[in-house]
Amino acid sequence: MKKLGFIYDESLNISEKTTPEYYECVKDLLESEEVQSLATFPQHDFIDRLRHVVSVSYISYCLCKERSLDYRTAARAGLLHDLYYYDWHENDWSHRPHGYRHPGFAVKNAAELCGGELDKLTFNIIKRHMWPLTVIPPKYKESYIVCFADKYCARKEYQACKEQKRTKK
Ligand SMILES: [Fe+2]
Ligand SMILES: [Fe+2]
């Protein structure tokens, strides 16, 4: 089993060549204009949202694959879990309180992108990824894995920014 830190580092270098099996699972979504537009929004400090969702998606894919779970759906839902088109740092009450509301926005945008209703697993992964902030817990193992990967990546992203700022001093 690969170490989590190693998987995270791999997630920073996703391509058709470096991670072909993973790429095949998410290719259509990853290359869509909607998902690519996430690169224009900051997520954690100066890490952009596209990098964040790719890391969450790739880690979820690897962890689910190791456990013989539905890795394809986890990878795809991981990529869509923060699919909202605004900068959450802005003081705009149309999307606040952000932590509670954005899973709902992401579900709606993901359904639009996927051309209809989401399957139960995808819906649950996206809708419950902020647990335990949002009180209803995830229903499936894959949802817990994405929920965990999200928090793990957020920590790694803040850490990376902190280190980069320190070395620049
Ligand atoms: Fe989120
Ligand atoms: Fe996230």
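That block above? That's the structure.
Conventions adopted
- Residues numbered from 1 in each chain as written.
- Chains lettered and ligands numbered in written order.
- Predicted model: local features only at pLDDT ≥ 70, side-chain atom pairs only at ≥ 80, totals over all residues.
- Helix = DSSP H or I, 4+ residues; strand = E, 2+ residues; numbered from the N terminus.
- Buried ≥ 20, exposed ≤ 12 C-beta atoms within 10 Å, placed from the backbone.
- Contact = placed C-beta atoms within 7 Å.
- Expected span 1.5 Å × (residues − 1).
- Arc of directions from axis to C-beta.

A. Representation of unusual backbone geometry. In this model, Arg 96 is joined to Pro 97 through a cis peptide bond whose omega is -5 degrees. In the segment running from Trp 131 into Pro 132, the intervening peptide bond is cis, with an omega of 10 degrees. Phi is positive for Asp 45, close to 55 degrees, though the residue is something other than glycine. Locating Asp 45 in the fold gives a position in the loop between strand 1 (42-44) and strand 2 (47-48). The partly exposed category is assigned to Asp 45, around which 13 C-beta atoms lie within 10 Å. One non-glycine residue, Ser 68, adopts positive backbone phi at about 55 degrees. When you line up the elements, Ser 68 lands in the loop between helix 4 (49-66) and helix 5 (71-80). Using a count of 7 C-beta atoms within 10 Å as the deciding quantity, one classes Ser 68 as exposed.

B. Local environment of the environment of Val 35. Within the secondary structure, Val 35 sits in helix 3 (residues 33-36). According to the C-beta neighbour criterion, Val 35 is buried, with 23 such atoms within 10 Å. Distance in space between the C-alpha atoms of Val 35 and Leu 50 is 7.0 Å, their sequence separation being 15 residues. In contact with Val 35, not counting residues within four places along its chain, are Leu 29, Leu 30 and Leu 79.

C. Up close: helix 6 (residues 98-113). The end-to-end C-alpha distance of helix 6 is 21 Å, a good match for the 22 Å that 16 residues give at a rise of 1.5 Å each. Buried within helix 6 are the following residues: His 102, Pro 103, Ala 106, Val 107 and Ala 110. The arc that holds every buried residue of helix 6, seen down its axis, measures 145 degrees, which confines them to one face. Summarising the geometry of helix 6, the exposed residues directed more than 90 degrees from the buried face are Tyr 100 and Glu 112. Where the residues of helix 6 are buried, they touch helix 5 and helix 7 (120-127).

Limitation: the analysis is restricted to geometry and does not speak to function.
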